[in-house]
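# Coordinates in review
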Amino acid sequence: MSVINEVVEAVIGLMNDTEPFAPVTRGALPTGIGLVCEVGPSAPEAVYLDKNSYIPLDITLNGKHPNLQTLSEAMNTIHSSLTRATEYPEGESWQIVDITNYTLPQIVDREDNNEWLMASSLSVKFYQRGD
């Protein structure tokens, strides 16, 4: 598995540790209720001579639920939990060093079936070892 995918899977694990109304998965929103995330465009912020790099990774988080309070609570809890953490996961060749809010959860739309849509994003900064 690529380093980017390992980092995203680790972040999804942190999101699911908050026990939202539905498990966070990757990809597009389902037709029913759900929470999904995916990687946005990003690039290494710094690459060093030893090939180590510091990479900010933008991850979008989208949710859908008929109860706005339930949806808002889940997404805000995820943001709060991830950005207030003092320890983050690491893998064989990477380590998450910080997670910050890029955009806080906000209402995007309300579908014809009265399901609310919310969107937000997080900036996940990680260090990749070049060895």
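This report concerns the structure included in the present document. Keep in mind that what you see is a predicted model, and the values were worked out from it rather than measured.

If you tally the helices and strands in the protein chain, you get two helices and six strands. Ordered by position from N to C terminus, the α and β elements of the protein chain give α-β-β-β-β-α-β-β. Relative to its length of 131 residues, the protein chain is compact, with a C-alpha radius of gyration of 15 Å against a globular reference of 14 Å. For the protein chain, the spread of C-alpha atoms along the principal axes amounts to about 55 × 25 × 25 Å. Taking all 131 residues of the protein chain together, 38% fall into the buried category. Taking the intrachain contacts of the protein chain between residues at least 6 apart in sequence as the baseline, contacts between residues at least 24 apart amount to 62%. Element-wise, carbon and sulfur atoms account for 49% of the exposed surface of the protein chain, whose accessible area totals about 7100 Å².

Pairing of strand 1 (residues 24-26) with strand 2 (residues 34-39) involves three bridges; the strand directions are parallel. Bridge pairing in strand 2 links Arg-26 to Cys-37. Pairing geometry for strand 2 and strand 4 (residues 53-65), over six bridges, is antiparallel. Bridge pairing in strand 4 links Cys-37 to Leu-61.

Assignment of secondary structure puts Val-24 in strand 1. In contact with Val-24, not counting residues within four places along its chain, are Ile-12, Met-15, Asn-16, Leu-35, Val-36, Cys-37, Leu-61 and Ile-78.

By the element assignment, Leu-35 lies in strand 2. As for Leu-35 and Val-11, which are separated by 24 residues in sequence, their C-alpha atoms are 13 Å apart. Among all residues touching Leu-35, those that are not within four sequence positions of it are Pro-20, Phe-21, Ala-22, Pro-23, Val-24, Thr-25, Asn-62, Gly-63, Leu-71, Ala-74, Met-75 and Ile-78.

As a further point, take the nonpolar core. With 28 residues, the main nonpolar core has Val-7, Val-11, Met-15 and Ile-96 as its most contacted residues. When contributions to this core are tallied by element, the ones reaching two or more residues are helix 1 (3-16), strand 2, strand 4, helix 2 (68-84), strand 5 (94-110) and strand 6 (116-128). Setting aside chain neighbours within four positions, we find Met-15 in contact with Pro-20, Val-24, Cys-37, Ile-59, Leu-61, Ile-78, Leu-82 and Leu-122.

A few words now on the pairing of strand 4. With 13 bridges joining them, strand 4 and strand 6 adopt antiparallel strand pairing. Within strand 6, the position partnered with Lys-64 by the bridge is Leu-117.

Now for the side chain of Ser-120. For Ser-120, the location among the structural elements is in strand 6. At a separation of 2.7 Å, a polar atom in the side chain of Ser-120 contacts the side chain of His-79.

Right, let's talk about helix 1 for a bit. Given a rise of 1.5 Å per residue, 14 residues ought to cover 20 Å, and the 20 Å separating the end C-alpha atoms of helix 1 matches this to within 8%. Of all the positions in helix 1, only Val-3, Val-7, Val-8, Ala-10, Val-11, Ile-12 and Met-15 are classed as buried. Buried residues in helix 1 make contact with strand 1, strand 2, strand 4, helix 2, strand 5 and strand 6.

Cut-offs used in this document
- Residues numbered from 1 in each chain as written.
- Predicted model: local features only at pLDDT ≥ 70, side-chain atom pairs only at ≥ 80, totals over all residues.
- Heavy atoms only, no water.
- Helix = DSSP H or I, 4+ residues; strand = E, 2+ residues; numbered from the N terminus.
- Rg over C-alpha atoms; globule rule 2.2 N^0.38 Å.
- Buried < 20%, exposed > 50% of the residue type's maximum accessible area, 1.4 Å probe, protein only.
- Contact = heavy atoms within 4.5 Å.
- Areas by Shrake-Rupley, 256 points an atom, 1.4 Å probe, with all protein chains shown as cover.
- Pairing = 2+ DSSP bridges.
- Core = buried A, V, L, I, M, F, W, Y, C linked by side-chain atoms within 4.5 Å.
- Polar contact = N/O pair within 3.5 Å; in protein donor to acceptor, adjacent residues only side chain to side chain.
- Expected span 1.5 Å × (residues − 1).

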